[in-house]
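# Structural overview
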Amino acid sequence: MAELDVWAASPVDAASLFGLGAHFWRQLTDADHLVSLPVTPLVYKDAEFRLEGGLDARRAAVLAEFSELANRIPTHPIWTPPVTPHLWDVYGEVLAADLARSSLTPEERTRYDTAIDYLYDPDPSTGDPAPSAALRAYRATRQNWTDADREYRRAEDAARMSTDPAAHDRWARIEEPDLRQKRDDALDAWQTAGRKAEVEDALRESSELASKSPSATWKRHRDAFNPNAPGQFSTAPNGLLYAPTYYSPAAALDTPWTEVRLTRELFLTLADQAPAAFSAALGHRATDTSVFQLAFEYRVVSVVRPWLDPPMDLFGSRAWRFSSGVRELSDGGDPPQGRCPSYVESIALARNVHLTREAHTYSPAAASENTWPPMTTFDFDTWRLEVGMDEASIRWEWTGDGSGARLAPGADTGLVLLGAVDYDGLDGRALDRLRYRDAPIPGTDLAPGAVFAVRTRRKKLVKIQVLSYGSQLAIRDQEYEMTASSAVASDTAPDDVFIAAFACRRLPKSPDPDGALQW
């Protein structure tokens, strides 16, 4: 197959990518789903990211690119395709697997056919099985309920994480009743217009009986799309072969999106909860404390594969097995391992990403060398030794044999360990970009040459290098005073649509042949 075209580049701050990813990591990860996060912008123009109806050459190319993207086997927590296989290749393997023999009774065959006829109709143009009106209505109203439930939980989560009493009050008095009503209305529509009970009964019936007649299930899937047969794939304008894949609802770009505002407090809380590999991949600039606020709009859309509907019909079945020696797709572990431990089930889209940073200018101030005896406290704001911990910037703690030695930050003071870095190359701008924390630095990390930094209560920044380590800590330091401060905004283009996260369905152990079936 031809290589995938490069997605359009968009000027987006690393902190914006990080904030989007950290938000969706928390919102979309659950018992059934893993989340995969891109660390480079995946972005389309609004006018080109409309994948249904008559397609011009550019939109046809975008459909092929999106189909390629959504059907790579995901990697977690960082999205690293296109180095992984395609889902349609794995699907082809499963279609060619060994199947258990049918054991349906005539009565069960009638029930199975009735359920399938309720859920699927022949496509008027191709004759292939396609979701019935009842199944389409069920999925649409289920999606609306999922969106309403997700927004309720997102707002509840934001209120819970905030330390602002006004945010708690606003949630309790205004947001919670309004969002609960919207969620209840969506559930009512799912139950009535979406025929929730009837469709789920048919889905349950077809799933339970399919294991007794895997050949019928496999035939329905082969009739829709068989990647092992020639001529089944579509061809993109650049020669790329792909199985067309869409998002739902198709009108997602034209319907209201949810607006999110992450304050610095919420941004840093999410940063602490995000996977370490994600922040490491984006660098320290993605999580520094200069972020004042990140705002964006988002919509989570379902991935629609007409050629594999639904995937768990096959991957979740226990009525098939590979030949001896073929590696399993998933071991069903937590997290699952294997050649295909998950597949992309939905995608978080974002647009109108607005980041505000506080830009500071720092000028060098005092520099000195000092030796701190055991249990010394020091305040860099006033240049005083032996102050109380409510005033101190730092305390050098050494007792007994020094096994518990550490540097402890004072009240409203932050520390960050940099290790063996170029001390002279650090200036106020570099120090301002660091992520300061209120955690102590163990003495074992303070070998001669090690560098750490302090941010004081009055926002003074100090770089410090260890000269000698023992019960007395010898250091040299350079202070930087803030001389100017301003807000700097970063906005994405108004017609940019970002793929911010992939919500991926975990596979159970697959294959997991049922020994009670006839083989």
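Just so it is clear, the structure is predicted and the values come from calculations on it, not from any experiment.

Here we take up the overall build of the protein chain. The secondary structure content of the protein chain amounts to twelve helices and 22 strands. Dimensions of the protein chain, computed from the C-alpha atoms along their principal axes, are close to 90 × 50 × 50 Å. Residues counted as buried form 48% of the 519 residues belonging to the protein chain. Once local pairs closer than 6 in sequence are excluded, the contacts in the protein chain between residues at least 24 apart make up 74%. Here the protein chain displays about 23,100 Å² of accessible surface, and carbon together with sulfur accounts for 51% of that area.

What follows deals with the packing of helix α4 (residues 106-119) against helix α7 (residues 196-210). In the contact formed by α4 and α7, the axes pass within 9 Å of each other and the chain directions differ by 135°. As summarised for this structure, α4 and α7 are arranged oblique, according to the angle between their axes. Read as a crossing pair, α4 and α7 show a hand that is left-handed. Between α4 and α7, the residues in contact are E108, R111, Y112, A115, I116, Y118 and L119 and E198, V199, A202, L203, E205, S206, L209 and A210, respectively. Residue composition of the contact of α4 with α7, by class: ten nonpolar, one polar and four charged.

A separate point is the state of the cysteines. Taken as a whole and judged by the stated rule, the model has zero disulfides. As a non-bridged cysteine, C340 has C504 as the owner of its nearest cysteine sulfur, 10 Å distant. By relative accessible area, which is 0% here, C340 ends up buried.

Where strand β10 (residues 291-304) and strand β12 (residues 342-372) come together, ten bridges link them in antiparallel fashion. Its bridge partner being in β12, S302 is matched across the sheet by S346. Sheet topology note: the β12/strand β22 (residues 496-506) ladder contains eight bridges and is antiparallel. Opposite L349, over in β22, you have I499 as the bridge partner.

Right, let's get into the sheet that holds strand β18 (residues 441-442). Read across the open sheet, the five strands follow the order β14-β13-β15-β16-β18; overall the sheet is antiparallel. Unpaired on one side and paired on the other, β14 (384-385) and β18 mark the two borders of the sheet. Pairing geometry for strand β16 (residues 406-409) and β18, over two bridges, is antiparallel. Bridge pairing links L407 to I441 in β18.

Moving on: the environment of L187. Residue placement: L187 occurs in helix α6 (residues 165-192). For the pair L187 and S330, spaced 143 residues apart in sequence, the C-alpha separation works out to 33 Å.

Turning next to the pairing of strand β19 (residues 451-455). With five of its five residues buried, β19 lies for the most part within the structure. Of the two faces of β19, the one holding V451, A453 and R455 and the one holding F452 and V454 are both buried throughout. As judged from the five bridges shared by β19 and strand β20 (residues 461-468), these two strands associate in the antiparallel manner. Residue pairing for β20: V451 is matched across the bridge by Q465. The turn joining β19 and β20, which pair antiparallel and follow one another in sequence, is formed by five residues; a positive phi near 70° is taken by K459.

Locating T287 in the fold gives a position in the loop between α10 (276-282) and β10. Exposure remark for T287: the relative accessible area of 10% places this residue in the buried category.

With that settled, consider the packing of aromatic side chains. Per the stated rule, a full pass over the model turns up 28 aromatic pairs. Each ring, one from F18 and one from F267, has its centre 6.1 Å from the other, and the planes form 55°; the classification is tilted. Of this pair, F18 sits in helix α1 (residues 14-28) while F267 sits in helix α9 (residues 264-273); the two residues are 249 residues apart in sequence, bridging distant segments of the chain. Across this residue pair, the class does not change: F18 and F267 are buried. Geometrically, the ring pair formed by F24 and Y298 is edge-to-face, given 5.3 Å between the ring centres and 75° between the ring planes. Taken together, the residues span a long stretch of sequence, with F24 in helix α1 and Y298 in strand β10 at a distance of 274 residues. Above the face of the Y152 ring, R183 is positioned so that its terminal group lies 4.0 Å from the ring centre.

Detailed conclusions should not be drawn from predicted coordinates in areas where pLDDT is low. Residues at a pLDDT of 70 or more form 98% of the protein chain, whose mean pLDDT is 91. Overall, residues 1-9 carries pLDDT values under 50, and its contacts beyond four positions in sequence, including any with other chains, amount to 21 contacts.

With that settled, consider the nonpolar core. Across soluble globular proteins, nonpolar side chains show a tendency to be buried alongside one another. Counting residues in hydrophobic clusters, the biggest one holds 49 residues, and the most contacted among them are F49, F66, F315, L329, I347, I499 and F502. For this core, the secondary structure elements donating two or more residues are α2 (57-70), α3 (87-95), β8 (246-248), β10, α11 (312-315), β12 and β22. Among the nonpolar cores identified, the runner-up in size contains 38 residues, and V35, A350, F498 and A501 belong to it.

So, on to helix α8 (residues 214-224). Looking at α8, one finds that the buried residues are P214, T217, W218, R220 and H221. For α8, the buried positions fall inside an angular range of 155° around the axis, keeping them on one side.

This part takes up the pattern of salt bridges. A complete count under the given rule lists 45 salt bridges for this structure. Notably, a salt bridge pairs D147 with R299, separated by 3.3 Å at the nearest N-O pair. Placement of the pair is D147 in helix α5 (residues 133-161) and R299 in strand β10, with a sequence separation of 152 residues. Per residue, the accessibility class of D147 equals that of R299, and both read buried. With a closest N to O distance of 2.8 Å, K219 and D223 form a salt bridge. Of this pair, K219 and D223 both sit in helix α8, separated by four residues, roughly a single helical turn. The class of D223 is partly exposed, set by a relative accessible area of 37%. What you see here is one network of salt bridges that share partners, running through R26, E156, D157 and R160.

Take S317: it is sitting in the loop between α11 and β11 (320-321). Taking relative accessible area as the criterion, S317 reaches 13% and is therefore assigned buried.

Parameters and conventions
Residues numbered from 1 in each chain as written. Predicted model: local features only at pLDDT ≥ 70, side-chain atom pairs only at ≥ 80, totals over all residues. Heavy atoms only, no water. Helix = DSSP H or I, 4+ residues; strand = E, 2+ residues; numbered from the N terminus. Buried < 20%, exposed > 50% of the residue type's maximum accessible area, 1.4 Å probe, protein only. Contact = heavy atoms within 4.5 Å. Areas by Shrake-Rupley, 256 points an atom, 1.4 Å probe, with all protein chains shown as cover. Axes fitted to C-alpha atoms, helices over the stretch in contact; angles between N-to-C directions. Parallel < 35°, antiparallel > 145°, perpendicular 65-115°, else oblique. Left-handed = near helix turned anticlockwise from the far one by under 90°. Nonpolar A, V, L, I, M, F, W, Y, C, P; charged D, E, K, R; others polar. Disulfide = S-S within 2.5 Å. Pairing = 2+ DSSP bridges. Phe/Tyr/Trp six-rings, centres within 6.5 Å; stacked < 30°, edge-to-face > 60°. Lys NZ or Arg CZ within 6 Å of the ring centre and 35° of its normal. pLDDT = per-residue confidence, 0-100. Core = buried A, V, L, I, M, F, W, Y, C linked by side-chain atoms within 4.5 Å. Arc of directions from axis to C-beta. Salt bridge = Lys/Arg side-chain N within 4 Å of Asp/Glu carboxyl O.

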